[in-house]
Amino acid sequence: MKSKAKKTAVLLAAAMIPTAIFTGCSGNNEEEGSGGPYLVVSSSLVNEEKAKELVSTLNESLPGVEIQLNAISVGDTSKDPTSAMAGIMKLTMVMAGQEADVLIADYDSAWRNAGSEAFYPLTELFSEEELNPYLDKIVSFELTDDQGNPTGEKVENCGIDVSDNAELSAICPGADSVGVYIISNSPNLDTAKEIFRQLAFTE
């Protein structure tokens, strides 16, 4: 009972911290940053070799782009919440430090940051024509309070579910679902949109 309470406290604390960092950071950011573009992969388990293969493919398809990869394995939150907290905080700090443009993540990794305005609403970045074919794959998250209870609020239209993409799912082995997101304070927004199109807007 004690370990379960500890795990819950660790994950709730991690879920709350990004709020202070990202609130107010989702305005338009068209300036290209001094580094990147950055692709971040975060999941309980990350296959870094598969992620590197993906980055190589993306670099080949986007001339002049040299994507930097950051792979973050969170681990099993039920078995080792302390190590998981380190992974969760690493993702938070990478995003807050503008070293993240596009995120590929399992559901839990994305959900922990969704309520802090960490992701751009897709409707602000893409046309209705671009989004229409993927309406059944658009990701939304239900928010919870600091006790983990649903608040009735949602963060809508913030990502695309790519769980049926074998190449992307292989990067996050064992994940129930995998999504792609654009970070709200992306320092390379135009390039991030092109990377997102390559990953999410596929048949």
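Residues numbered from 1 in each chain as written. Predicted model: local features only at pLDDT ≥ 70, side-chain atom pairs only at ≥ 80, totals over all residues. Heavy atoms only, no water.

Q: When you look at the overall build of the protein in this model, what are you seeing that I'm missing?
A: Helix and strand counts for the protein come out as seven helices and six strands. Sequence-ordered secondary structure for the protein, helices as α and strands as β, is α-β-α-β-α-β-α-α-β-β-α-β-α. Out of the 203 residues belonging to the protein, those deemed buried represent 46%. In the protein, 73% of the contacts between residues at least 6 apart in sequence involve partners at least 24 apart. Within the structure as shown, the protein displays about 10000 Å² of accessible surface, and the carbon and sulfur contribution to it stands at 48%. (Helix = DSSP H or I, 4+ residues; strand = E, 2+ residues; numbered from the N terminus. Buried < 20%, exposed > 50% of the residue type's maximum accessible area, 1.4 Å probe, protein only. Contact = heavy atoms within 4.5 Å. Areas by Shrake-Rupley, 256 points an atom, 1.4 Å probe, with all protein chains shown as cover.)

Q: Help me out: how do you make sense of the layout of surface pockets in this one?
A: In this approach the atoms are scanned with a rolling probe the size of a water molecule, which exposes any empty space left behind. There is about 200 Å³ of room inside the second largest pocket. Taken together, the residues of the lining of the second largest pocket sort by class into four nonpolar, three polar and three charged. (1 Å grid on protein atoms, 1.4 Å probe; cavity = no way out; pocket = protein on both sides within 12 Å on 5 of 7 lines; lining within 4 Å. Points joined across faces, edges and corners; volume = space filled by probe spheres on them. Nonpolar A, V, L, I, M, F, W, Y, C, P; charged D, E, K, R; others polar.)

Q: I'm lost on the nonpolar core in this one. Help?
A: Membership of the largest hydrophobic core comes to 34 residues, with the highest contact counts inside it found for Leu39, Ile104, Ile160, Phe196 and Leu199. Mapped by element, the contributors of at least two residues to this core are strand S1 (38-43), helix H2 (48-61), strand S3 (102-106), strand S6 (178-182) and helix H7 (189-200). Here this core gets six residues from one element, more than from any other, and that element is H7. Setting aside its immediate chain neighbours within four residues, Leu199 contacts Leu39, Leu54, Leu58, Val102, Ile104, Val162, Asn165, Leu168 and Val180. (Core = buried A, V, L, I, M, F, W, Y, C linked by side-chain atoms within 4.5 Å.)

Q: Honestly, the packing of aromatic side chains in this entry has me stumped. Any pointers?
A: Two numbers describe a pair of aromatic rings. These are the distance of the centres and the angle of the planes. Using the criterion set out here, one finds seven aromatic pairs in the structure. Consider the rings of Phe126 and Phe196, whose centres lie 5.2 Å apart with planes at 25°: the pair is stacked. Of this pair, Phe126 sits in the loop between helix H4 (107-114) and helix H5 (128-131) while Phe196 sits in helix H7, and the two are 70 residues apart along the sequence. Centroid distance Phe196 to Phe201: 5.6 Å. Interplanar angle 85°. Geometry classified as edge-to-face. Pairwise contacts between aromatic rings join Tyr107, Phe119, Phe141 and Tyr181 into one cluster. Here the guanidinium or amino end of Lys193 rests over the ring plane of Phe126, the centre of that ring lying 6.0 Å away. (Phe/Tyr/Trp six-rings, centres within 6.5 Å; stacked < 30°, edge-to-face > 60°. Lys NZ or Arg CZ within 6 Å of the ring centre and 35° of its normal.)

Q: Which parts of the structure should I look at to understand the pattern of salt bridges?
A: Any two side chains of opposite charge can pair if their charged atoms end up close together. Per the stated rule, a full pass over the model turns up four salt bridges. Lys52 is the salt-bridge partner of Glu49, the closest N and O atoms lying 3.9 Å from each other. One end of the pair is Glu49 and the other is Lys52, both in helix H2 and three residues apart, which spans about a single turn. Ionic pairing is found between Asp164 and Lys137, a salt bridge with its closest N-O pair at 2.9 Å. With a gap of 27 residues between them, Asp164 in the loop between strand S5 (150-161) and helix H6 (166-169) and Lys137 in the loop between H5 and strand S4 (138-144) connect regions that are remote in the sequence. Given a relative accessible area of 57%, Asp164 falls into the exposed group. Counted as one network, the salt bridges with shared partners bring together Glu130, Glu194 and Arg197. (Salt bridge = Lys/Arg side-chain N within 4 Å of Asp/Glu carboxyl O.)

Q: Which parts of the structure should I look at to understand unusual backbone geometry?
A: Note: most peptide bonds trans; most residues except glycine with negative phi. Residue Pro37 is bonded to the preceding Gly36 through a cis peptide linkage, with omega at 5°. On the secondary structure map, Pro37 appears in the loop between helix H1 (2-22) and S1. Phi at Gln98 takes a positive value of approximately 55°, unusual for a residue other than glycine. Relative to the assigned elements, Gln98 resides in the loop between helix H3 (81-96) and S3. Despite not being glycine, Glu117 shows a phi value in the positive range, around 60°. Relative to the helices and strands, Glu117 resides in the loop between H4 and H5. Taking relative accessible area as the criterion, Glu117 reaches 36% and is therefore assigned partly exposed.

Any functional reading would require information that these geometric values do not contain.
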